[in-house]
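# Commentary on secondary and tertiary structure
Each chain, written out:
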Amino acid sequence: MILDQLILTKSNAKEASYKEVKSSEKPIRSIVKALSWRFIGTLDTLIVSYVFTGKIGVATSIASIDFVTKMILYFFHERIWNYIGWGK
């Protein structure tokens, strides 16, 4: 269902698909939120990794892997929480 929402090109088809899943936000919003949060988180990881290792190359490698894996996890975490009615 998420891929359908991202791939559909007709605006009314997008809207119908979005309404069918009864989500509180569109997938593109989750993607932008994931990217912005991961930018902040990656800077944190880079700094902490550098402080502990003293090597910018190692810190950059750690931060790069962290960026990709946690962005993907965050996106799916957000999408799953959109289906949970608790607290809405």
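Everything below is about the structure shown above.
To start, this report covers the structure provided alongside it. Keep in mind the model is a prediction, meaning the values are calculated, not measured.

All right, on to the overall build of the chain then. Across its full length, the chain carries 4 helices and 0 strands. Secondary structure elements in the chain, listed N-terminal to C-terminal, are α-α-α-α. Taking all 88 residues of the chain together, 24% fall into the buried category. Expressed as a percentage of contacts within the chain between residues at least 6 apart in sequence, the contacts between residues at least 24 apart total 57%. Carbon and sulfur atoms make up 71% of the accessible area of the chain, which amounts to about 6,500 Å² in all.

Side chains of Val68, Ile72, Phe76, Ile80, Trp81, Ile84 and Trp86 sit close together on the surface and give an oily, nonpolar patch of about 740 Å² of accessible area. Positionally, Phe76 belongs in helix H4 (residues 56–81).

Bringing the environment of Ile56 into the picture now. Tracing the chain through its elements places Ile56 in helix H4. A sequence separation of 10 residues divides Ile56 from Leu46, and the C-alpha atoms of the two residues are 8.2 Å apart. Apart from the residues lying within four places of it in its own chain, the contact partners of Ile56 are Leu46 and Tyr50.

To continue, consider H4. For H4, spanning 26 residues, the distance from its first C-alpha to its last is 36 Å, which sits close to the expected 38 Å at 1.5 Å a residue. Those residues of H4 that fall on the buried side of the exposure criterion are Ala59, Ala63, Asp66, Phe75, Glu78 and Arg79.

Glancing now at the pattern of salt bridges. Tallied over the full model, the rule gives 3 salt bridges. One salt bridge connects Glu78 with Lys33, and the closest N-O pair in it is separated by 3.0 Å. Here Lys33 lies in helix H3 (residues 27–53) and Glu78 lies in helix H4, a separation of 45 residues in the sequence. A salt bridge links Asp66 to Arg38, with the nearest nitrogen and oxygen atoms 2.5 Å apart. Residue Asp66 is found in helix H4, and its partner Arg38 is found in helix H3; the two are separated by 28 residues along the sequence. Among the ionic contacts, a cluster of salt bridges with common partners joins Arg38, Asp66 and Lys70.

Relative orientation of the contacting elements H3 and H4 amounts to 150°, with a least axis distance of 7 Å. Relative to H4, the element H3 lies roughly antiparallel. The chirality of how H3 crosses H4 is right-handed. A per-class count over the contact of H3 with H4 returns 17 nonpolar, 7 polar and 6 charged.

About the cut-offs
Residues numbered from 1 in each chain as written. Predicted model: local features only at pLDDT ≥ 70, side-chain atom pairs only at ≥ 80, totals over all residues. Heavy atoms only, no water. Helix = DSSP H or I, 4+ residues; strand = E, 2+ residues; numbered from the N terminus. Buried < 20%, exposed > 50% of the residue type's maximum accessible area, 1.4 Å probe, protein only. Contact = heavy atoms within 4.5 Å. Areas by Shrake-Rupley, 256 points an atom, 1.4 Å probe, with all protein chains shown as cover. Patch = residues over 30% accessible without salt bridge, like charges linked within 9 Å, V, L, I, M, F, W, Y side chains within 5 Å. Salt bridge = Lys/Arg side-chain N within 4 Å of Asp/Glu carboxyl O. Expected span 1.5 Å × (residues − 1). Axes fitted to C-alpha atoms, helices over the stretch in contact; angles between N-to-C directions. Parallel < 35°, antiparallel > 145°, perpendicular 65-115°, else oblique. Left-handed = near helix turned anticlockwise from the far one by under 90°. Nonpolar A, V, L, I, M, F, W, Y, C, P; charged D, E, K, R; others polar.

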